[in-house]
Amino acid sequence: AQTVTQSQPEMSVQEAETVTLSCTYDTSESDYYLFWYKQPPSRQMILVIRQEAYKQQNATENRFSVNFQKAAKSFSLKISDSQLGDAAMYFCAYRGRSYNQGGKLIFGQGTELSVKP
Amino acid sequence: AAGVIQSPRHLIKEKRETATLKCYPIPRHDTVYWYQQGPGQDPQFLISFYEKMQSDKGSIPDRFSAQQFSDYHSELNMSSLELGDSALYFCASSLGGLGTEAFFGQGTRLTVV
């Protein structure tokens, strides 16, 4: 079975600084998706960034980028120029691409990010 | 752009009562997923439907049932509610059973008292 692990329950960053959130996963599949979701106090699940496993290039979305290490099964999120609005719970998630996995998301435990002004 | 609509947004029920949660996917999306997020926990997959057929099943209690209707909306029925069922219930939809991205609704917060 696939698992996702986030070993940092809480992280803190100074406004305008850079922070990296860690995520490791376990799977026997070779093709899958990895995601980072943001959940602010409103509890809405917001997609931050997506990585397709067959792509070697790390995904980037504005201030958000990932470091995808497929062999190490590591998928970290880097937030540059942190803003107060980045404060939220961040979930790493895995999604298989084979039909027997059904397309469901498997989430990590989450990392609560606080941003200090 | 149209998003995933969940209703109601908030629901308060007593123990042993029944609750029905509704999910209206993004137009043309044919796949619906249900997740349960307890307080301080990550979302847990409950069940999914593709083209009105159940496609996958997770840790869904036998007291819960769900279906997807001809217009692709889905309902999660929860009976004999327990205090531990208090949680945020998310619905997500995607295009195709293995669509690249699933879009989440705003969730239904169920409180069982």
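All figures in this text were calculated on a predicted structure; none of them were measured in a lab.

Visitor: What am I meant to see in the overall build of chain A here?
Guide: Broken down by element type, chain A carries 0 helices and 12 strands. Overall, chain A shows an N-to-C arrangement of helices and strands of β-β-β-β-β-β-β-β-β-β-β-β. In terms of C-alpha radius of gyration, chain A reaches 14 Å, essentially the compact-globule figure of 13 Å for 117 residues. The dimensions of chain A, computed from C-alpha atoms along their principal axes, are 45 × 30 × 20 Å. A total of 117 residues make up chain A; the buried ones form 50% of that total. Considering only intrachain contacts with a sequence separation of at least 6, the fraction spanning at least 24 residues in chain A is 56%. Summed over all atoms, the accessible surface of chain A reaches about 5,700 Å², with 46% contributed by carbon and sulfur. Of the side-chain charges in chain A, 12 are positive and 11 negative, and the distance between the mean point of each set is 6 Å.

Visitor: It is not clear to me how the pattern of salt bridges should be interpreted in this structure. Could you clarify?
Guide: A pair can form between side chains of opposite charge whenever their charged atoms are brought close. All names here are of chain B. Following the criterion strictly, the structure yields 8 salt bridges over all chains and no others. With its nearest N and O atoms 4.0 Å apart, the salt bridge here joins Lys22 to Glu75. With Lys22 in strand 3 (residues 19–24) and Glu75 in strand 8 (residues 74–78), this residue pair connects regions lying 53 residues apart in the sequence. Linked through salt bridges whose partners overlap, the residues forming this network are Arg63, Glu82 and Asp85.

Visitor: Would you mind going over the packing of aromatic side chains with me for this structure?
Guide: Working definition: an aromatic ring pair is given by the centre-to-centre distance plus the angle between the planes. Residue and element names in this part refer to chain A. Per the counting criterion, the structure on display carries 15 aromatic pairs over all chains. Pairing Tyr33 with Phe35 gives two aromatic rings, centres 6.0 Å apart and planes at 45 degrees, and the pair type is tilted. Here Tyr33 falls in the buried class, since its relative accessible area comes to 4%. On the basis of relative accessible area, Phe35 is assigned to the buried category, the value being 0%.

Visitor: Help me understand the interface of chain B and chain A, please; the structure alone is not making it clear to me.
Guide: The figure often quoted for interface size is the accessible area lost as the parts come together. Between chain B and chain A, the residue contacts involve 23 residues of the former and 23 residues of the latter. Counting each side, the surface lost to burial between chain B and chain A is near 1,900 Å², with a carbon and sulfur contribution of 53%. Put simply, chain B and chain A have 2 salt bridges between them. Here chain B is connected to chain A by 7 residue pairs in polar contact (both at pLDDT 80 or more). If you list the elements that add at least two residues to the side of chain B that touches chain A, you get strand 4 (31–37), strand 5 (44–50) and strand 9 (87–94) of chain B. Taken together, the residues of the side of chain B that touches chain A sort by class into 9 nonpolar, 10 polar and 4 charged.

So, how was this worked out
- Residues numbered from 1 in each chain as written.
- Chains lettered and ligands numbered in written order.
- Predicted model: local features only at pLDDT ≥ 70, side-chain atom pairs only at ≥ 80, totals over all residues.
- Heavy atoms only, no water.
- Helix = DSSP H or I, 4+ residues; strand = E, 2+ residues; numbered from the N terminus.
- Rg over C-alpha atoms; globule rule 2.2 N^0.38 Å.
- Buried < 20%, exposed > 50% of the residue type's maximum accessible area, 1.4 Å probe, protein only.
- Contact = heavy atoms within 4.5 Å.
- Areas by Shrake-Rupley, 256 points an atom, 1.4 Å probe, with all protein chains shown as cover.
- Lys, Arg positive; Asp, Glu negative; His and termini not counted.
- Charge placed at Lys NZ, Arg CZ, Asp CG, Glu CD.
- Salt bridge = Lys/Arg side-chain N within 4 Å of Asp/Glu carboxyl O.
- Phe/Tyr/Trp six-rings, centres within 6.5 Å; stacked < 30°, edge-to-face > 60°.
- Buried area = accessible area lost by both parts, 1.4 Å probe.
- Polar contact = N/O pair within 3.5 Å; in protein donor to acceptor, adjacent residues only side chain to side chain.
- Nonpolar A, V, L, I, M, F, W, Y, C, P; charged D, E, K, R; others polar.

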